[in-house]
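Listed here are the chains, written in short residue letters.
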Amino acid sequence: MLKITSKQLEVTAPIRERIESRFEKLSRHDVQLLNPHVIITEEKPGFKIEASVGIPNGELFAQAKHENLYAAITAMGQKLEKQLNRLTHKPEAQRSGPRLSIADDDINEVAEYEESDAA
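The following paragraphs examine the structure supplied in this document. (Residues numbered from 1 in each chain as written. Predicted model: local features only at pLDDT ≥ 70, side-chain atom pairs only at ≥ 80, totals over all residues. Heavy atoms only, no water.)

## Section: the nonpolar core
Membership of the largest hydrophobic core comes to 23 residues, with the highest contact counts inside it found for Ile19, Phe23, Val38, Ile40, Ile49, Met76 and Leu80. Secondary-structure elements contributing two or more residues to this core are helix H1 (13-27), strand S2 (34-42), strand S3 (47-55), strand S4 (58-66) and helix H2 (69-88). Tallying contributions element by element places H2 first for this core, with 6 residues. Those residues within four positions of Ile49 in sequence are excluded, and the remaining contacts are Ile19, Val38, Ile39, Ile40, Ala62, Gln63, Ala64, Ala72, Ile73 and Met76. (Core = buried A, V, L, I, M, F, W, Y, C linked by side-chain atoms within 4.5 Å. Buried < 20%, exposed > 50% of the residue type's maximum accessible area, 1.4 Å probe, protein only. Helix = DSSP H or I, 4+ residues; strand = E, 2+ residues; numbered from the N terminus. Contact = heavy atoms within 4.5 Å.)

This is the structure:
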């Protein structure tokens, strides 16, 4: 259940629909979203939107500011999607993969090669 809180602003149906559509994009990653909460604040130059979402192995948080509320919602959604994408694909990342080890035979060959060069 998506919780939307706003300060100094009424959450209308189009605003709610835009936020829900951004969270639907997050659900495509097949990760359970726990207690998603969005806070909308109207500030002098524009709007600030913050979102926190729990996931089984951590928490996502994003914040965006923009003069246009819908642009701020889009920016916040993109930040959350980027974080979620990074977390879901982390096991596939090049650095997190298994380390290549040199077999004992290869070490012996290198040692023999170095000895033959010294002679």
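## Some details on the pattern of salt bridges
Under the defined criterion, the tally for this structure stands at 4 salt bridges. Between Arg22 and Glu81 there is a salt bridge, with its nearest N and O atoms 3.7 Å apart. With Arg22 in helix H1 and Glu81 in helix H2, this pair connects stretches of sequence that are 59 residues apart. A relative accessible area of 8% places Arg22 in the buried class. A salt bridge links Lys48 to Glu50, with the nearest nitrogen and oxygen atoms 3.4 Å apart. Linked through salt bridges whose partners overlap, the residues forming this network are Glu43, Lys48 and Glu50. (Salt bridge = Lys/Arg side-chain N within 4 Å of Asp/Glu carboxyl O.)

## Examining the sheet that holds S3
Pairing is mixed in the open sheet, where 4 strands are placed in the order S1-S2-S3-S4. The open sheet has two free edges, formed respectively by strand S1 (3-7) and S4, since each of these has just one partner strand. Averaged over all adjacent pairs, the angle separating strand axes in this sheet is 10 degrees, with direction ignored. Of the pairings in the sheet, the one linking S1 to S2 comprises 5 bridges and is parallel in character. When the sheet's bridge partners are listed, Lys3 is paired in S2 with His37. Its contacts with the sheet place H1 against S1, S2 and S3, and it is angled at close to 135 degrees to S2. (Pairing = 2+ DSSP bridges. Axes fitted to C-alpha atoms, helices over the stretch in contact; angles between N-to-C directions.)

## With respect to H2
For H2, spanning 20 residues, the distance from its first C-alpha to its last is 29 Å, which sits close to the expected 28 Å at 1.5 Å a residue. Here H2 has its buried residues at Leu69, Ala72, Ile73, Met76, Gly77, Leu80 and Leu84. For H2, the angular spread of the buried residues around the axis is 135 degrees, confining them to a single face. Facing away from the buried side of H2 by over 90 degrees, the exposed positions are Lys82 and Arg86. On the buried face of H2, the contacting elements are H1, S2, S3 and S4. (Expected span 1.5 Å × (residues − 1). Arc of directions from axis to C-beta.)

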